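Notes for the structure review
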Amino acid sequence: MHTDIAERFRCLARAAPRRIVFPEGADPRILEAAATCARERICEPIVLGPPDELRSLAAQAGFSLDGIELRNPAEQLALDRYAQAYAERRHVDARVAHHILRRNLLFGAMIVSTGGADGMVAGATCPSARVIEAGGLAIGLAPGVSVPSSIFVMVLPDSWPEEDRVLIYADASVNIDPTAQQLADIAVTSARTAQRTLGIEPRVAMLSCSTKGSAVHPRIDRVVQATRLAQQKAPDILIDGELQADSALVPRVAQYKCPQSKLAGRANVLIFPDLDAANIAYKLTQYHGRARAYGPLLQGFAKPISDLSRGATADDIVTIAAFIGVLAQHQPQAHASA
């Protein structure tokens, strides 16, 4: 598999560019990333903010906003329209909706919700919780998904065999202590994301401190239940558990500890039992395993949105926009008039 993940996302996005909203237009990194996306036809950017201010910021930074649609959330006609749609969606008073929609995040999410854009990239200046909140309020979750979640794409060093270098870790940034049903949803959603964006055949391991009953504890029971639920929900995906990490990843160990497992120690999508385990694992893999980490990449919403690290560079933002564009290719395309 192509292990230059950033370039893979960009190439796939260019094949069918989608309309992506960037709510934080006042941030120079966002403007630079949007300019790159437009120039390289990675997506069709919609940047929010007062157009004159955005053009001035771009000019000061030395780049053009050609090919970028600029929208002002304070513009009355647009605000009225999206506020009415939000009021109907959330069953709130129109005046309340007007007040709420003055926030760029929710305004951007409503553009996506009403079909004017295919996805949204935010979080350069806003906390992750606010991005997730905006997605939940304006867009909602995909059918059959009980909770939003995230993945990290981990690319191991070149010393690893090419076919074993890419691993998906979930959920390392959103859900602290997921239920069995939520773990099952995270597993299935992560597998689908891996299929759509990376072109890999997912082999999903539900991780635990136990392998096939080697230990007994209510937390282990939760992973066992989650495995069963995930298998029922997606019988077309190879999902197994409960497994320790070595049983999931090392064929020699799997042959000894769980010889009946169809994963046979070749998992490539790892579902951790809680946020502690996932966050610790991805940071250890990144810094001591010298892996490249791409994420967190949000998933599970009815239309794709994603968060950004507060320290993201313009180049990082382009990669996330490409990822969102690729996810959006699997949904009906938005229209500029929407």
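As a starting point, this report considers the structure included with it.

Cut-offs applied
Residues numbered from 1 in each chain as written. Predicted model: local features only at pLDDT ≥ 70, side-chain atom pairs only at ≥ 80, totals over all residues. Heavy atoms only, no water. Helix = DSSP H or I, 4+ residues; strand = E, 2+ residues; numbered from the N terminus. Rg over C-alpha atoms; globule rule 2.2 N^0.38 Å. Buried < 20%, exposed > 50% of the residue type's maximum accessible area, 1.4 Å probe, protein only. Contact = heavy atoms within 4.5 Å. Areas by Shrake-Rupley, 256 points an atom, 1.4 Å probe, with all protein chains shown as cover. Pairing = 2+ DSSP bridges. Axes fitted to C-alpha atoms, helices over the stretch in contact; angles between N-to-C directions. Salt bridge = Lys/Arg side-chain N within 4 Å of Asp/Glu carboxyl O. Parallel < 35°, antiparallel > 145°, perpendicular 65-115°, else oblique. Left-handed = near helix turned anticlockwise from the far one by under 90°. Phe/Tyr/Trp six-rings, centres within 6.5 Å; stacked < 30°, edge-to-face > 60°.

Looking only at helices and strands, one finds 13 helices and eleven strands in the protein. Its C-alpha radius of gyration of 21 Å places the protein within 12% of the 20 Å reference for a compact globule of 338 residues. Taken over the C-alpha atoms alone, the protein extends approximately 65 × 45 × 30 Å along its principal axes. Within the span of the protein, comprising 338 residues, buried residues form 54% of the whole. Taking contacts inside the protein between residues at least 6 apart in sequence as the whole, the part at least 24 apart equals 73%. When the accessible surface of the protein is totalled, it reaches about 14,600 Å², and 53% of it is carbon and sulfur.

Here the amide bond leading from A170 into D171 is cis, since omega sits at -10°, within 30 degrees of zero. In this structure, D171 sits in the loop between β6 (166–170) and α8 (180–198). For the bond running from G241 to E242, omega is -5°, close enough to zero to count as cis. Along the polypeptide, E242 turns up in strand β8 (residues 238–243). Residues other than glycine seldom take positive phi values, yet R41 does so here, at roughly 55°. Positive phi, normally seen in glycine, also occurs at R290, with a value near 55°. The class of R290 is exposed, set by a relative accessible area of 71%.

On to the sheet that holds strand β3 (residues 69–71). Within the open sheet, the five strands sit side by side as β3-β2-β1-β4-β11. Their pairing is parallel. Strand pairing shows two members of the sheet lacking a second neighbour, β3 and β11 (305–306), which therefore form its edges. Where strand β1 (residues 19–22) lies against strand β2 (residues 44–48), four bridges are found, and the strand directions are parallel. Residue V21 lies in a different strand from β2, and its bridge partner there is I46. Its contacts with the sheet place helix α6 (residues 104–113) against β1, β2, β3 and β4 (119–121), and it is angled at close to 155° to β4. Sheet contacts for helix α13 (residues 314–328): β1, β4 and β11; angle to β4, the most-contacted strand, approximately 160°.

Among the five residues in β6, five count as buried, and that is most of the element. Burial along β6 is two-sided: V166, I168 and A170 facing one way and L167 and Y169 facing the other are all buried. Pairing of strand β5 (residues 149–155) with β6 involves four bridges; the strand directions are antiparallel. Following the sheet pairing, M154 is matched in β6 by L167. Pairing geometry for β6 and strand β9 (residues 269–271), over three bridges, is parallel. By the bridge assignment, Y169 is partnered in β9 with L270.

Take the pattern of salt bridges next. Scanning the entire structure with this criterion turns up 16 salt bridges. R29 is the salt-bridge partner of D27, the closest N and O atoms lying 2.7 Å from each other. A residue is classified by how much of its surface remains accessible, and D27, at 10% relative accessible area, is buried. Bridged by salt links that share partners, the residues R19, E44, E69 and R71 form one connected network.

Moving on to the sheet that holds β8. Judged by pairing direction, the sheet is mixed, and its six strands sit side by side in the order β8-β7-β9-β6-β5-β10 without closing on themselves. The sheet terminates laterally at β8 and β10 (292–299), the two strands that pair on one side only. Each adjacent strand pair in this sheet contributes to an overall mean axis angle of 20°, direction not counted. Sitting on the sheet, helix α9 (residues 218–233) is in contact with β7 (203–207) and β8, with an inclination near 170° to β8. The strands touched by helix α12 (residues 275–287) are β5, β6 and β10; relative to β5, the strand with the most contacts, the crossing angle is about 20°.

Bringing the packing of α8 against α9 into the picture now. For the pair α8 and α9, the least separation of the axes is 8 Å and the interaxial angle reads 50°. Classified by the interaxial angle, the pair formed by α8 and α9 is oblique. Read as a crossing pair, α8 and α9 show a hand that is right-handed. Across from A180, Q181, L183, A184, D185, A187 and V188 in α8, the residues of α9 making contact are R222, V223, Q225, A226, L229, A230 and K233.

On to the packing of aromatic side chains, then. Enumeration according to the criterion identifies four aromatic pairs in this entry. Taken together, a centroid distance of 5.4 Å and an interplanar angle of 55° make the contact between F9 and F323 tilted. Pair noted here: F9 is in helix α1 (residues 5–15) and F323 is in helix α13, with a separation of 314 residues, a long-range link. When sorted by exposure, F9 lands in the same class as F323, which is buried. A ring pair is formed by Y82 and F107, whose centres lie 5.1 Å apart and whose planes are at 80°; its orientation type is edge-to-face. Highlighted residues: Y82 in helix α4 (residues 76–90) and F107 in helix α6, separated in sequence by 25 residues. Side by side, Y82 and F107 carry an identical accessibility label, which is buried.

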